[in-house]
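So the chains spell out like this:
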Amino acid sequence: MTTQRAELRKSRKSRLTRRRVVGAVSGAFLLTGATVGANVLLSPAGAATTAAAWPTPTGNKPVTKTIEVSGTYDGGLKRFYGSGDLGGDGQEEGQDPIFKLKDGAVLKNVVLGSPAADGVHCSGSCTIQNVWWEDVGEDAATFKGTSSSSVYNVTGGGARKADDKVLQFNGAGKLNISGFQVSDFGKLVRSCGNCSKQYKRTITVNDVDVTAPGKSLVGINTNYGDTATLTKVRIHGDSSKKIKPCVRFTGNNTGAEPKETGSGPDGTYCKYSASDISYQ
């Protein structure tokens with residue numbers, strides 16, 4: 001496992017170096033697909049989707065210290081990226097985020113460039129609206145509220161190039177994901193399998209576009225009562241159906257690797273039917 005992570009960090013570092021060189025020479029923005037007004041996005045495999053095209057960043061903003069947000073923060077679709085102490089690109093746990101959202105905060109219209117450190121942290125209920133991760137660092141966003149009434153909403157936006165998780169659900173409450181798109185990833189969302197403090201977590205995934213390669217959409221812990229409800233999920237470029245929509249685990253609070261116990265709809269923990277998942 002250590003060797004595999006080292007190879008991933010080495011690969012990511014090489015990609016980052018190439019991107020910085022290109023950026024220094026041309027100053028051009030990274031683009032995928034067409035401009036904001038386009039209605040077609042091409043996946044790495046060339047499959048057309050109906051998802052919104054990735055936005056063109058309106059500028060670049062290096063971030064050397066975590067930006068703490070209370071109330072609403074509108075980034076104006078600028079590209080924010082880590083610099084200085086936030087300039088790492090590894091997969092180590094415990095990294096600081098680019099944005100830290102206080103309970104009830106709203107973050108919108110932001111492009112997270114590379115390096116993105118540990119993305120966005122939500123200390124309690126939060127809304128992440130139209131936020132785009134060009135190259136996910138450790139995680140795109142982590143949800144840490146400790147109240148069972150906490151609600152985290154991820155609406156619109158998208159993420160790509162995640163070696164492992166995109167959304168990490170460590171806290172309590174409910175996570176709603178809608179109108180999102182993800183490509184080239186490990187897991188879209190994972191209920192923490194081995195956090196020292198565990199909770200019952202509720203996850204809904206609705207109206208999302210998923211482009212291979214990827215491993216799974218949702219991972220939950222049945223022994224803590226987690227549930228995942230999936231509707232209107234469109235998977236592109238995965239004709240062999242390798243991406244698992246919902247995976248069940250037995251979680252723990254000891255830090256041990258959680259045991260996978262099954263996958264697929266079961267009506268109790270993984271709530272969806274075949275008609276909720278389409279392959280395009």
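Predicted model, so just to flag it, every value in this text is computed and none were measured.

1. Observations concerning the packing of aromatic side chains
- Throughout the structure, instances matching the rule amount to 8 aromatic pairs.
- Look at W54 and W132: their rings are 5.0 Å apart centre to centre, the planes differ by 55°, and that puts the pair in the tilted class. Of the two residues, W54 is situated in the loop between β2 (48-49) and β3 (60-63) and W132 in strand β9 (residues 126-133); the sequence distance between them amounts to 78 residues. For the pair W54 and W132, one class covers both residues: buried.
- With a centroid separation of 5.2 Å and an interplanar angle of 65°, the aromatic rings of F80 and F99 are classed as edge-to-face. Here the residue F80 occupies a position in strand β5 (residues 72-82), and F99 occupies one in strand β6 (residues 99-101), the gap between them amounting to 19 residues.
- For F80, a relative accessible area of 1% gives the class buried.

2. Some thoughts on the nonpolar core
- The biggest cluster of nonpolar side chains holds 54 residues, and the ones touching the most others in it are F99, L101, I128, W133, F143, V166 and F180.
- F180 has contacts with V131, W133, V154, G156, G157, G158, A159, V166, L188, D207, V208 and D209, leaving out every residue within four places of it along the chain.

3. As for the pattern of salt bridges
- A complete count under the given rule lists 8 salt bridges for this structure.
- Across the pair R79 and E134 runs a salt bridge whose closest N-O atoms are separated by 2.9 Å. Taken together, the residues R79 in strand β5 and E134 in the loop between β9 and β10 (141-143) connect sequence positions 55 residues apart.
- A salt bridge links K165 to D139; its shortest N-O distance comes to 3.7 Å.

4. Focus on the environment of V111
- Within the secondary structure, V111 sits in strand β7 (residues 105-112).
- On the basis of relative accessible area, V111 is assigned to the buried category, the value being 2%.
- V111 has contacts with P55, P57, L77, K78, R79, F80, W132 and E134, leaving out every residue within four places of it along the chain.

5. With respect to the sheet that holds strand β18 (residues 216-221)
- Taken together, 9 strands build an open sheet; the order of strands is β4-β6-β8-β10-β13-β16-β18-β20-β21 and the sheet is mixed. Each of the sheet's edge strands pairs with one partner strand only, and the pair in question is β4 (67-69) and β21 (259-263). Across the sheet, the axes of successive neighbouring strands diverge by a mean angle of 20°, strand direction being ignored.
- Bridge analysis of strand β16 (residues 187-191) against β18 gives 3 bridges, and the strand direction is parallel.

6. Structural notes on the state of the cysteines
- All chains considered together, the criterion is met by 3 disulfides.
- One disulfide bridge connects C246 with C270, the sulfur atoms lying 2.1 Å from each other. The disulfide joining C246 to C270 has a torsion of about -70° about its S-S bond and is therefore left-handed. Of the two residues, C246 is situated in strand β20 (residues 244-250) and C270 in strand β22 (residues 270-271); the sequence distance between them amounts to 24 residues.

7. Examining unusual backbone geometry
- Cis peptide bonds are those with omega within 30 degrees of zero, and the linkage from S114 to P115 qualifies with 5°.
- For P115, the position within the fold is in the loop between β7 and β8 (120-122).
- Cis geometry is adopted by the peptide bond preceding P213, which originates at A212 and carries an omega value of 10°.
- Relative to the assigned elements, P213 resides in the loop between β17 (201-211) and β18.
- Although it is not a glycine, K161 adopts a positive phi angle of roughly 60°.
- Topologically, K161 is positioned in the loop between β12 (158-160) and β13 (165-169).
- Phi is positive for K241, which is not a glycine, with a value near 55°.

8. Comments concerning the pairing of β13
- With 5 of 5 residues buried, β13 is to be regarded as a mostly interior element.
- Note: β10 against β13, 3 bridges, orientation parallel. The residue of β13 that forms the bridge with A141 is L167.
- With 4 bridges joining them, β13 and β16 adopt parallel strand pairing.

9. Some thoughts on the environment of V247
- Positionally, V247 belongs in strand β20.
- We classify V247 as buried; its relative accessible area is 4%.

10. Considering the environment of T155
- In this structure, T155 sits in strand β11 (residues 151-155).
- Given the relative accessible area of 28%, T155 is considered partly exposed.
- A C-alpha to C-alpha distance of 6.3 Å links T155 and F180, two positions 25 residues apart in sequence.
- When sequence neighbours within four positions are dropped, the list of residues in contact with T155 reads I128, Q129, N130 and S178.

Reading guide: rules and limits
Residues numbered from 1 in each chain as written. Predicted model: local features only at pLDDT ≥ 70, side-chain atom pairs only at ≥ 80, totals over all residues. Heavy atoms only, no water. Phe/Tyr/Trp six-rings, centres within 6.5 Å; stacked < 30°, edge-to-face > 60°. Helix = DSSP H or I, 4+ residues; strand = E, 2+ residues; numbered from the N terminus. Buried < 20%, exposed > 50% of the residue type's maximum accessible area, 1.4 Å probe, protein only. Core = buried A, V, L, I, M, F, W, Y, C linked by side-chain atoms within 4.5 Å. Contact = heavy atoms within 4.5 Å. Salt bridge = Lys/Arg side-chain N within 4 Å of Asp/Glu carboxyl O. Pairing = 2+ DSSP bridges. Axes fitted to C-alpha atoms, helices over the stretch in contact; angles between N-to-C directions. Disulfide = S-S within 2.5 Å.

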